[in-house]
Every structure is written in structure tokens, then in C-alpha cells.
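# Structural features, examined
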Amino acid sequence: MAEYDKDKQAKEYYLDTPINTYGFFLKGAHSLDWGMKNRLSRIFRPDTGKTVMLAIDHGYFQGPTTGLERPDVNIVPLMPYADAIMLTRGILRTTVPPSLTKAVVMRCSGGPSILKELSDEELAVDIEDAIRMNVAAITLQIFIGGEYETRSIHNMTRLVDMGLRYGIPTMAVTAVGKDMVRDAKYFRLACRMAAELGAQIVKTYYVPEDFDTIIASCPVPIVMAGGKKLPEFEALTMSWNAINEGASGVDMGRNIFQSDYPVAMMKAVNKVVHEHLDPQQAFDYFNSIKAEG
Ligand code: 5RP
């Protein structure tokens, strides 16, 4: 039988302490539901507000990209150093140990290979399967200015609707076609469209001029895509610039797994993103630990 309280004085109700309303640490996320916020907190570290995401989904249109030929050998050992991993369900189920507790950001679009028109994508994962895999977010490309721009946006709004139904955030990736200009004006358009139409996270490329205006005009967190392999110092500098100008993290692939020292690179990127080491400090740190293998 439940306890019967006769004496209010015997209890402590903290009458002078207002109930905590728990503000949320990520921009644009304060009105989301608990499950969505909890998943976002698995991707973005609540203590720093940032994420280091490892992107290894390239095979879904490129096949076995350099560095991703054997993800079981080369990539699984990097996962402990990431906050989140972005990948396909095929690699998750075949290659990633289910004991890994890192946040999973699931690639949910696909269709064309590098031999065809890349914007010709469809949704490629059911929301039920995403739930089955216990993902923290679902993701796809949008191709602003691309041949199938409208379809890619429609794919995104459908994915956002499915995610909202179950409390799973959607990350929109602002893909650039082969011939498109990558400047702040273009990315302001693409990122803002993604957020306006419901994406809870946007992934976009760094541009040296006015990147901060892309961040300022996008009401949800932006993570920086890595792009093609650069010398490590340049990749660390680009990451630092992006964070310094307001990015909420990085989602890097080739600049990690195509490095000769991928574990050291993962650790150095973490130092930049979460501890704000400047590029030279992070590069010195990288050099000091690369011998560890
Ligand atoms: C583009 C993606 C990839 O996951 C990502 O951008 C590739 O990572 P990187 O450019 O750092 O190698 O979303 O399809």
C-alpha cells in the first residue's frame, strides 16, 4: 500500500526552488520532443555542444573508395574516437560490432552511381529499419540547383516527416553537383532551404569567405563536411576555421581515413573541435602521437 503522508513537515518539497526547465544546448532544437533532443545529445556532446562525426558512407555511390576497401580492418578501429558515425545500413550490419555505443547517423538515400546523374536519388531506407538499427539520426543529400533538385527536396521532407513521427532527427547534406560554384551565396541558399523545410541538422562544405554568414542564416546546427584529402595541417586549419566561425562540429571522411595516421588525425580533430586547440597546436599534437600507429 502506498505510504500515507499525514505530516507535510516530514517531507522536503524545496518550496523555494523553482522547477528546472532544462534549456537545451543546441540552436533551433528547443521546441523538439524529448526523444529527438536525447538523440541529438548522443550526436553533439552536451558539454561542448559539438560533434566529431566520421563519414564512411562513400561506398553507396562510389564503391570501395580509397581507404574504405576494408572497413572492418581500417575503419572500425577509428570508431571509438568519433562521437558519431555516418554510414549505410549495409556496412553497419555487416561490419560494425553491435557493442559499439557511438551514435549512428544512417544514410537513407541512394540510387545513382558515380557513372550517372548523382541528383537522381530516392529514399533508400524505411523508417522502421532505421528504428530497428537504433539510429540517432537519418540523413540524405539535397541537390540545390541540380537536375533533380525538387525530388531531392521532396525526399528530404518525407524523411523529416518520418523522423518527426518517431523522434529521429534528419541531417540534410548540401551536395554540390560537378559544375556548381561552391561559395557562401550558394551554401546560404542550400542550408537555409534545408532548415526551413525541416532538417534538424545541416551538413555543408567550408568556404574561406563568409562561412560565418552561412552559419548565422541557418537556424539549426551546421556540421562541416571534409571534402577531398588535404595535407593534415590544412585539414586541421579548415576544421578550426569552421568551428571558430560557428560550426557545431565536423563530419569528415577522406581527411581522416586517407591519412597515413588516421587515429592520430581523429584525435587531433577532436582536440580542435572539443578543446579548441589552434591549428598549429593540433598539428604538433598530431605529429607527437602519429608514431603510436
Ligand atoms: C557526401 C557525404 C559524405 O558522407 C561525406 O561528405 C564524405 O566525407 P568527406 O567529403 O569528408 O570524405 O555526405 O556524399
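Quick summary incoming for the structure in this document. (Residues numbered from 1 in each chain as written. Predicted model: local features only at pLDDT ≥ 70, side-chain atom pairs only at ≥ 80, totals over all residues. Heavy atoms only, no water.)

## Points about the packing of aromatic side chains
Under the definition given, this model contains eight aromatic pairs. When the centroid spacing of 5.4 Å and the interplanar angle of 65 degrees are considered together, the rings of Phe 233 and Phe 283 count as edge-to-face. Taken together, the residues span a long stretch of sequence, with Phe 233 in helix H9 (residues 232–244) and Phe 283 in helix H12 (residues 279–289) at a distance of 50 residues. With relative accessibility at 33%, the residue Phe 233 sits in the partly exposed group. Taken together, a centroid distance of 6.2 Å and an interplanar angle of 75 degrees make the contact between Tyr 261 and Phe 286 edge-to-face. Taken together, the residues span a long stretch of sequence, with Tyr 261 in the loop between helix H10 (254–257) and helix H11 (262–275) and Phe 286 in helix H12 at a distance of 25 residues. Exposure remark for Tyr 261: the relative accessible area of 30% places this residue in the partly exposed category. With a relative accessible area of 2%, Phe 286 lands in the buried category. (Phe/Tyr/Trp six-rings, centres within 6.5 Å; stacked < 30°, edge-to-face > 60°. Helix = DSSP H or I, 4+ residues; strand = E, 2+ residues; numbered from the N terminus. Buried < 20%, exposed > 50% of the residue type's maximum accessible area, 1.4 Å probe, protein only.)

## Points about the packing of H9 against H12
Direction vectors running N to C along H9 and H12 enclose 140 degrees, while the axes themselves pass 9 Å from each other. Comparing the axis directions of H9 and H12 gives the class oblique. Along this stretch, H9 crosses H12, giving a crossing that reads as right-handed. Residues Glu 232, Phe 233, Leu 236, Thr 237 and Trp 240 of H9 form the contact with H12, whose participating residues are Pro 279, Gln 280, Ala 282, Phe 283 and Phe 286. Tallied by class, residues from the contact of H9 with H12 come to seven nonpolar, two polar and one charged. (Axes fitted to C-alpha atoms, helices over the stretch in contact; angles between N-to-C directions. Parallel < 35°, antiparallel > 145°, perpendicular 65-115°, else oblique. Left-handed = near helix turned anticlockwise from the far one by under 90°. Contact = heavy atoms within 4.5 Å. Nonpolar A, V, L, I, M, F, W, Y, C, P; charged D, E, K, R; others polar.)

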